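Commentary on secondary and tertiary structure
Listed here are the chains, written in short residue letters.
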Amino acid sequence: MADEIILLDFWPSMFGMRVRVALAEKGLKYEYKEEDLRNKSPLLLEMNPVHKKIPVLIHNGKPICESLIIVQYIDEVWKDKSPLLPSDPFQRAQARFWADYVDKKVCLCC
């Protein structure tokens, strides 16, 4: 059975962009569903009932929420395709530091 991958997103979202880049790096095909954030779809509300936010990755009917968690999930599930993080623990820590920095310092929209 082929993987069914759906991404609920809003195109200008930098958090959604993080997920789209990870999917592209892994060469994964997915269905993109644009969300109207002023009129959230029943699917978004069902798949992310806690925060009701994008992005949400739906993999074979199971939702994964929060962009950094989604990226980690993508890297773990499709580990046979190009890894998203370096193999060296120090370099991985540095990459995670910069992702966290962007979340806390660069994105003032949060």
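Residues numbered from 1 in each chain as written. Predicted model: local features only at pLDDT ≥ 70, side-chain atom pairs only at ≥ 80, totals over all residues. Heavy atoms only, no water.

Before going further, it helps to spend a moment on the overall build of the protein. When you go through the protein residue by residue, the secondary structure sums to 4 helices and 4 strands. Put simply, the protein runs from its N terminus to its C terminus through helices and strands in the order β-α-β-α-β-β-α-α. Seen along its three principal axes, the alpha-carbon backbone of the protein occupies a region of about 40 × 40 × 20 Å. Out of the 110 residues in the protein, the part that is buried amounts to 32%. (Helix = DSSP H or I, 4+ residues; strand = E, 2+ residues; numbered from the N terminus. Buried < 20%, exposed > 50% of the residue type's maximum accessible area, 1.4 Å probe, protein only.)

A rise of 1.5 Å per residue sets the reference length of helix 4 (residues 89-106), with its 18 residues, at 26 Å; its end C-alpha atoms lie 25 Å apart and thus fit the reference within 8%. Near the N-terminus of helix 4, the side chain that reaches the backbone nitrogen of Phe90, with its oxygen 3.1 Å away, is that of Asp88. (Expected span 1.5 Å × (residues − 1). Polar contact = N/O pair within 3.5 Å; in protein donor to acceptor, adjacent residues only side chain to side chain.)

By way of backbone hydrogen bonds, the strands of a sheet pair with one another, either parallel or antiparallel. The sheet built from 4 strands is open, its strands ordered 2-1-3-4 with mixed pairing. Since the sheet does not close on itself, it has two edges, and those belong to strand 2 (31-34) and strand 4 (62-65), each with one partner. Taken over all neighbouring pairs, the strand axes of this sheet differ in orientation by 20° on average, direction set aside. As paired elements, strand 1 (residues 5-9) and strand 2 share 4 bridges and run parallel to each other. Directly across from Asp9, in strand 2, lies its bridge partner Glu34. Its contacts with the sheet put helix 1 (residues 14-25) on strand 1, strand 2 and strand 3 (56-59), and the angle it makes with strand 1 is roughly 155°. (Pairing = 2+ DSSP bridges. Axes fitted to C-alpha atoms, helices over the stretch in contact; angles between N-to-C directions. Contact = heavy atoms within 4.5 Å.)

With that out of the way, let us pick up the packing of helix 1 against helix 3 (residues 67-77). Direction vectors running N to C along helix 1 and helix 3 enclose 5°, while the axes themselves pass 9 Å from each other. Relative to helix 3, helix 1 is oriented roughly parallel. Taking contact as the criterion, the partners of Phe15, Arg18, Val19, Ala22 and Leu23 in helix 1 are, on helix 3, Ser67, Leu68, Ile70, Val71 and Ile74. (Parallel < 35°, antiparallel > 145°, perpendicular 65-115°, else oblique.)

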